[in-house]
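Residues per chain, in single letters:
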Amino acid sequence: MASVFRFSRSINRDTRLVSIQFENQVIEAREGETIAAALLANGIDFTRKTPVNGQARAPFCMVGTCFECLMEVDQIPNLQACMIEVQEGMVVGRMYGPRNPDDDT
Amino acid sequence: MESEFAIVGGGILGISIAWGLQRIGRDVMVIDEGDFAFRASRGNFGLVWVQGKGDGLPDYTRWTLRSASLWPDFADELEDTTGIKLELSQPGGIDFCLSNDEAENAVARLSGIRDSLSIDYPFEYIENTELRKLTPEIGPDVVGGTYCPKDGHVNPLYLLRALYTDFQSRGGRVVNGVSVDKIKQENSGFRLSGGVEMFAQKVVLCAGLGNRKLGEMVGLNVPVEPNRGQIMICERVIPFMRYPSVQIRQVGEGAVQIGDSKENVGFDDRTSPEVISRIARRAIKIYPLLSHLRTIRTWAALRVMSPDGFPIYQQSDAHPGAYVVTCHSGITLAAIHALVLTRWIGGEDQPKNLESFSGKRFSI
Ligand SMILES: Cc1cc2nc3c(=O)[nH]c(=O)nc-3n(C[C@H](O)[C@H](O)[C@H](O)COP(=O)(O)OP(=O)(O)OC[C@H]3O[C@@H](n4cnc5c(N)ncnc54)[C@H](O)[C@@H]3O)c2cc1C
Ligand code: FES
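Thresholds, definitions, all that
- Residues numbered from 1 in each chain as written.
- Chains lettered and ligands numbered in written order.
- Predicted model: local features only at pLDDT ≥ 70, side-chain atom pairs only at ≥ 80, totals over all residues.
- Heavy atoms only, no water.
- Phe/Tyr/Trp six-rings, centres within 6.5 Å; stacked < 30°, edge-to-face > 60°.
- Helix = DSSP H or I, 4+ residues; strand = E, 2+ residues; numbered from the N terminus.
- Buried < 20%, exposed > 50% of the residue type's maximum accessible area, 1.4 Å probe, protein only.
- Core = buried A, V, L, I, M, F, W, Y, C linked by side-chain atoms within 4.5 Å.
- Contact = heavy atoms within 4.5 Å.
- Near = heavy atom within 4 Å.
- Polar contact = N/O pair within 3.5 Å; in protein donor to acceptor, adjacent residues only side chain to side chain.
- Areas by Shrake-Rupley, 256 points an atom, 1.4 Å probe, with all protein chains shown as cover.
- Domains from an automatic or database assignment.
- Pairing = 2+ DSSP bridges.
- Axes fitted to C-alpha atoms, helices over the stretch in contact; angles between N-to-C directions.
- Buried area = accessible area lost by both parts, 1.4 Å probe.
- Salt bridge = Lys/Arg side-chain N within 4 Å of Asp/Glu carboxyl O.
- Nonpolar A, V, L, I, M, F, W, Y, C, P; charged D, E, K, R; others polar.

1. What to know about the packing of aromatic side chains
Residue and element names in this part refer to chain B.
Step number 1: As enumerated under the stated definition, the model contains 13 aromatic pairs over all chains in all.
Step number 2: Centre to centre, the rings of Trp71 and Phe74 are 5.0 Å apart; their planes meet at 75 degrees, and the pair counts as edge-to-face. A residue pair is termed a helical-turn pair when its members lie 3 or 4 positions apart in one helix, as Trp71 and Phe74 do in helix 2 (residues 58-82) at 3 residues.
Step number 3: Residue class for Phe74 comes out buried when judged on its relative accessible area of 0%.
Step number 4: Ring geometry for Phe96 and Tyr287: centres 5.7 Å apart, planes at 80 degrees, overall edge-to-face. Of this pair, Phe96 sits in strand 4 (residues 93-97) while Tyr287 sits in the loop between helix 7 (273-286) and strand 15 (295-305), and the two are 191 residues apart along the sequence. Pair check on accessibility: Phe96 and Tyr287 agree, each one buried.
Step number 5: Here the aromatic cluster, defined as three or more aromatic residues joined through ring pairs, consists of Tyr60, Trp63, Phe310, Tyr313 and Phe357.

2. Here we look at the nonpolar core
Residues and elements named next belong to chain B.
Step number 1: Residues Trp71, Phe74 and Leu159 are the most contacted members of the largest nonpolar core, which totals 48 residues.
Step number 2: When contributions to this core are tallied by element, the ones reaching two or more residues are strand 1 (2-8), helix 1 (12-23), strand 2 (28-32), helix 2, helix 5 (156-169), strand 17 (322-326) and helix 8 (334-345).
Step number 3: Sorting elements by how many residues they give to this core places helix 8 first, with 9 residues.
Step number 4: When neighbours within four sequence positions are excluded, Phe74 is seen to be in contact with Trp19, Leu159, Leu163, Ala334, Ala335, Ala338 and Leu339.
Step number 5: If you look at the next biggest cluster of nonpolar residues, it comprises 26 residues, including Met232, Val256, Ala280 and Tyr287.

3. Section: the site of ligand 1
All names here are of chain B.
Step number 1: Within the structure, ligand 1 sits among 39 residues, and Asp32, Ser41, Val180, Gly330 and Thr332 are positioned closest to it.
Step number 2: Between ligand 1 and Leu47, the relevant distance is 2.9 Å, taken from an oxygen atom to a main-chain nitrogen or oxygen of the residue.
Step number 3: Here an oxygen atom of ligand 1 sits 2.8 Å away from a polar atom, N or O, in the main chain of Thr332.
Step number 4: For ligand 1, the protein covers 96% of the area, taking 1,000 Å² as the surface of the free molecule.
Step number 5: Going through the elements one at a time, helix 1, strand 2, strand 12 (225-236) and strand 15 are the ones with two or more residues in the shell around ligand 1.
Step number 6: Tallying contributions element by element places strand 15 first for the shell around ligand 1, with 3 residues.
Step number 7: Looking at which domains feed residues into the shell around ligand 1, each of domain 1 (2-52 + 157-223 + 308-363) and domain 2 (92-150 + 225-305) gives three or more.

4. Here's the deal with the sheet that holds strand 4 of chain B
All names here are of chain B.
Step number 1: If you trace the 3 strands from one edge of the open sheet to the other, you get 4-6-5, paired in antiparallel fashion. Here the strands that pair on one side only, and so sit at the sheet edges, are strand 4 and strand 5 (124-127). Between one strand and the next, the sheet's axes are offset by a mean angle of 30 degrees, whatever the strand orientation.
Step number 2: With 5 bridges joining them, strand 4 and strand 6 (residues 144-148) adopt antiparallel strand pairing. Considered in strand 6, the bridge of Asp95 is made with Thr146.
Step number 3: Docked against the sheet, helix 3 (residues 100-115) engages strand 4, strand 5 and strand 6, running at close to 140 degrees with respect to strand 4.

5. Section: the interface of chain A and chain B
The figure often quoted for interface size is the accessible area lost as the parts come together.
Step number 1: Each partner contributes residues to the interface: chain A has 17 residues there, and chain B has 11 residues.
Step number 2: For chain A, the biggest contributors to the area lost against chain B are Val52, Arg99 and Pro101 of chain A; these three give 43% of the whole.
Step number 3: Taken together, the links from chain A to chain B amount to 1 salt bridge.
Step number 4: We note a salt bridge from Glu235 of chain B to Arg99 of chain A, for which the minimum N-O separation is 2.8 Å.
Step number 5: The interface formed by chain A and chain B includes 7 residue pairs in polar contact (both at pLDDT 80 or more).
Step number 6: The leading source of residues in the side of chain A that touches chain B is strand 6 (residues 76-80) of chain A, at 4 residues.
Step number 7: When grouped by side-chain class, the residues that make up the side of chain A that touches chain B number 8 nonpolar, 4 polar and 5 charged.

Structure (structure tokens):
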């Protein structure tokens, strides 16, 4: 089945383009937008797998409430991708399951 | 609206009693005030806890032990009928001691309880080095801990949901958003009002902190007071904590829950940064790796406390057919409330030594 997944930026802001790295891809983002917004605008349809039952999940509320958007950002796990603005060179990855409590990050 | 039993209050006590009465063939309706009420059942810690319970009332220790032993079958039955997993686990629990004084007090208290009983009361004090074998992540500030093999924990919200699901799917009625403000005995029962009129042959007050006022309407003295507890939740991590404790537990889905504060601040259910940082510091001393974790949420809830901390179960002398059922530790006691106490309220048989829990102990 063809994916009907599509998000586009409702405001075409004229901000600078920045590149972030997401799982071996380079993603073009607009300065001032969040990681979650940039990924959705680039057709990324899931951003983590939940530790509860392994389902794929994606950003949902976009305002910091639901915790569906947890990702690893510059090696720090479980960060809310909808609450962090993109920065040039940022490295972003999906969370697969729970983090290890031993990681001191 | 009419039924044989009206349960006033739809927290864990109300729904445990309603479910248990329905299970023995009674016709029951639950009346609940709604989301603006104080609701301990939605904000508690989720322990099924034996250790330390009943200091000063051996019958309460026995009651708690019995509920803990009823829990596995109770959970199985609910999971089978509803498909909702309750995350019950009873591997034993640890109360951590961070100083020699704390350790001495804990051991003295538990030994006192053991000596007051004629039945087996298992617990042991374990020092840091040995305790590390049970739970390797503890820090050097932990002097030791008391371990009781009967302790455990459960997801209290799934418990509520399962009881409601099963009760309603068998035809039990739930009246939401109604605050009962009047109860009047009539020839054959009780008329309850609160915007709507309801009638029941018998009424059971399970209204938590609301029981004090409701009790007066049917000749019951229920001197319960609020006691605030604050709780914090950290992000989900790989399971590492094998044993729950009164201070910290890792919930079934991986989040770490912290909190054992007690404050008498009246009807104020807000959190305060001082208390939250105090419980966080203590938790980090117990498990230093918690300092890596992010906090997701904090909240506070009000315990329903009687003057001695023990339950109140009583039928009114002045208005027979009116009962009150209230306690702290309503999660731990959910199994015995549902399976045993309802037999008394349903008129089948009365558990031994039930008078120990009468509210008459508070009258002078
Ligand atoms: C911070 C904290 C931690 C706890 N930890 C544990 C634990 O680990 N293990 C454990 O076993 N117990 C624990 N408890 C205790 C446990 O949560 C309570 O014993 C239990 O929830 C009490 O349930 P309840 O149904 O009596 O009260 P509530 O949950 O307060 O419910 C009372 C209900 O009555 C309704 N009501 C009140 N007045 C009226 C009225 N006039 N008309 C209609 N409805 C009315 C309200 O809407 C409410 O829903 C904890 C409690 C707190 C606060
Ligand atoms: S999308 Fe809901 S918290 Fe980020």
